[in-house]
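Overview (structure and organization)
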Amino acid sequence: MATRGRVSAISNELEFSVRSRGSECAEGIIRNGASAGISLSPEVNPRNVVELNISKKIGLRELNSALDTDISKLIAVADRLDCSVYGGSAVLEPTDGILPRAYRTTLLSKKVGIGMMQIVSQQIVIGASSEDFGFRLYNNFSRINPVLLALSASSPRLYGESANTHNSRRMQHYEDMFEHLPKMMYRHEPKMERISEYRRNLQLVSDAVNGLLRKDMVDTDLDRMTNENTFFPFTTLAPHQVYNPTRIRPDHRDTFEGGNSVMSIELRVCDIPTTRFRMQAINTLVVGLAYYLQVNEAIDIPEGLNGGFEVLKKAGKHGINADIGGIRLSEVGASIAKCASEGLFYQGYEIEAKHIIDMVRYLSNKNDAMIISDMETGSDVAEQLICRLIRGE
């Protein structure tokens, strides 16, 4: 039985699309966020996306309560500026004429910059009090990711596409937009046990990127790269500049500042759901599983269900009904919900432990992708999602 390490903090990064009815846009909402008591950050798409940050909560209930309160505040700020925000992972606004915000990755590849403006996510960041526990989280969630993607799926099509081709376009979209950069940069999740292994892998990715740059094999934004030269040259990418579904963040260590985290694990695989209930359900499942791993070495997952990128693509395509080598994701979802329930009970969350199995069953019966696909063809889906975020289930 594993006993070393615990969940030291929990955070959300919730990316919302913005529809403007006037002159203001995402940048205006961000400027006004602090006065409303919420933490907002810019994203690659400076006009149509805003990130709501809910940081370092000590437990699940605090995280989910802040999510509910802060989304209400975000909706109110947007409304005062004649804007609206909505969930669902496809940005249903045109991005023509928008210059992606200048980051190292968006300057490295023009295609990445354009692609990052079109899709958003719900990210869950779990602080770990020990390296051993941090990598236990990493190795387990790397295998659980297909279920999380299927349950949260909310992007059956991107803006401009006429047909609903997926439950989630996230994985296929990443593969498309990273065409000119190494695959290791977004899909390589080997089993690891120590920070030293992680650093070796990060350097391999960084060397591969620099090798392509030297050979002029990347679709770099040369003009902006010249002007934004603080990003170049570089020897090693920063942890947040690789895009694996389970991102290791040793730079989140805060023990020198009186915190309890030696690292964190950033779960990046989830589409952002369309209602607060569904966002809270994903939080409850993930955090319950993390609590379970405080006292258990591993979560029992069928051997054939690894978190490899091809498996994630299949989960994105077919959702919770995906069949992976004879294994139904819906069955795995029901199984891990029981583990989450046990973990929540360990931690004293008896109400959440009682409800999480039913919550996962509810999401399995009809995920957001199915709901969006049922919306009338030719209708303004974004307007319906704006109402859905306000109204709820």
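Refer to the structure printed above.
All of the points below concern the structure found in this document. Keep in mind it's a predicted model, so treat the numbers as computed, not measured.

What counts, and at which threshold
Residues numbered from 1 in each chain as written. Predicted model: local features only at pLDDT ≥ 70, side-chain atom pairs only at ≥ 80, totals over all residues. Heavy atoms only, no water. Helix = DSSP H or I, 4+ residues; strand = E, 2+ residues; numbered from the N terminus. Buried < 20%, exposed > 50% of the residue type's maximum accessible area, 1.4 Å probe, protein only. Contact = heavy atoms within 4.5 Å. Arc of directions from axis to C-beta. Polar contact = N/O pair within 3.5 Å; in protein donor to acceptor, adjacent residues only side chain to side chain. Pairing = 2+ DSSP bridges. 1 Å grid on protein atoms, 1.4 Å probe; cavity = no way out; pocket = protein on both sides within 12 Å on 5 of 7 lines; lining within 4 Å. Points joined across faces, edges and corners; volume = space filled by probe spheres on them. Nonpolar A, V, L, I, M, F, W, Y, C, P; charged D, E, K, R; others polar. Core = buried A, V, L, I, M, F, W, Y, C linked by side-chain atoms within 4.5 Å.

1. Side note on the side chain of Arg169
Within the secondary structure, Arg169 sits in the loop between helix H5 (131-152) and helix H6 (170-177). When its relative accessible area of 8% is taken as the criterion, Arg169 is described as buried. Beyond its immediate sequence surroundings of up to four residues, Arg169 is in contact with Ile119, Ser155, Pro156, Arg157, Leu158, Glu161 and Asp176.

2. Structural notes on the environment of Met177
You can see Met177 is positioned in helix H6. For the pair formed by Met177 and Ala150, sequence separation is 27 residues and the distance between their alpha carbons is 21 Å. When near neighbours in sequence (up to four residues on either side) are disregarded, Met177 contacts Ser109, Lys111, Val112, Gly115 and Met116.

3. Here's the deal with helix H15 (residues 381-391)
Residues Val381, Ala382, Leu385, Ile386, Arg388 and Leu389 constitute the buried set of H15. Seen from one end, H15 has its buried residues packed into an arc of 165 degrees, which puts them on one side. Turned more than 90 degrees away from the buried face of H15 sit Ile390 and Arg391, all of them exposed. Contacts from the buried residues of H15 go to strand E1 (7-20), helix H2 (60-80), strand E4 (83-86), helix H10 (276-292) and helix H14 (368-374). The N-terminus of H15 is capped by Asp380, whose side-chain oxygen sits 3.3 Å from the backbone nitrogen of Ala382.

4. A few points about the pairing of strand E2 (residues 39-42)
The pairing of E2 with strand E3 (residues 49-57) spans four bridges and is antiparallel. Residue pairing in the sheet places Ser39 in a bridge with Asn53 of E3. Where E2 folds back onto E3 in an antiparallel hairpin, the turn is made up of six residues.

5. Remarks on the layout of surface pockets
One number sums up the size of the largest pocket: a volume of about 590 Å³. Lining the largest pocket we find 29 residues, and of these Glu43, Glu51, His240, Tyr243 and Arg247 sit closest to its centre. Listed by contribution, the elements that provide at least two residues to the lining of the largest pocket are E1, E2, E3, helix H3 (104-108), H6 and strand E6 (246-249). Classifying every residue of the lining of the largest pocket by side-chain character gives ten nonpolar, nine polar and ten charged. Empty space within the second largest pocket amounts to approximately 430 Å³. Considering the residues around the second largest pocket, the lining is formed by 24 residues, among which Asn139, Asn140, Ser142, Arg143 and Lys191 are closest to the centre. Those elements that place two or more of their residues in the lining of the second largest pocket are H5 and helix H11 (309-318). Counting residues per element, the lining of the second largest pocket draws most heavily on H5, at eight residues.

6. Focus: empty space enclosed by the protein
Taken as a whole and assessed by the stated rule, the structure comprises two cavities of 30 Å³ or more. His188, Tyr198, Asn201, Val242 and Asn244 are, among the 14 residues lining the largest cavity, the residues nearest its centre. Elements supplying a minimum of two residues to the lining of the largest cavity: helix H8 (195-214) and E6. Grouping the amino acids of the lining of the largest cavity by side-chain chemistry returns nine nonpolar, four polar and one charged. Roughly 50 Å³ of volume is contained in the second largest cavity. Contributing to the lining of the second largest cavity are Arg170, Met171, Tyr174, Tyr186, Tyr243, Asn244, Pro245, Arg268 and Val269. The element best represented in the lining of the second largest cavity is H6, accounting for three residues. Partitioned by chemical class, the residues of the lining of the second largest cavity number six nonpolar, one polar and two charged.

7. Regarding the nonpolar core
In this structure, Phe16, Ile29, Val85, Phe141 and Phe178 are the most contacted members of the largest nonpolar core, which totals 116 residues. Leave out the neighbours within four places in its chain, and Val85 touches Phe16, Ser17, Val18, Ile29, Val50, Leu74, Ile75, Ala78, Ile386 and Leu389. If you look at the next biggest cluster of nonpolar residues, it comprises twelve residues, including Leu92, Ile119, Leu158 and Val381.

8. Structural notes on the environment of Leu329
Along the chain, Leu329 turns up in helix H12 (residues 329-346). The exposure class of Leu329 is buried, given its relative accessible area of 0%. With 24 residues separating them along the chain, Leu329 and Leu305 place their C-alpha atoms 8.8 Å apart. Apart from residues lying up to four places away in sequence, Leu329 is in contact with Pro146, Val147, Ala150, Leu305, Ala315, Gly319, Ile320, Ala322 and Ile324.

9. Focus: the pairing of strand E7 (residues 263-267)
E7 sits mainly inside the fold: five of its five residues count as buried. For strand E5 (residues 122-128) and E7, the ladder comprises five bridges, and the chain directions are antiparallel. Residue Ile124 lies in a different strand from E7, and its bridge partner there is Leu267. Sheet topology note: the E6/E7 ladder contains four bridges and is antiparallel. Paired with Thr246 across the bridge in E7 is Leu267.

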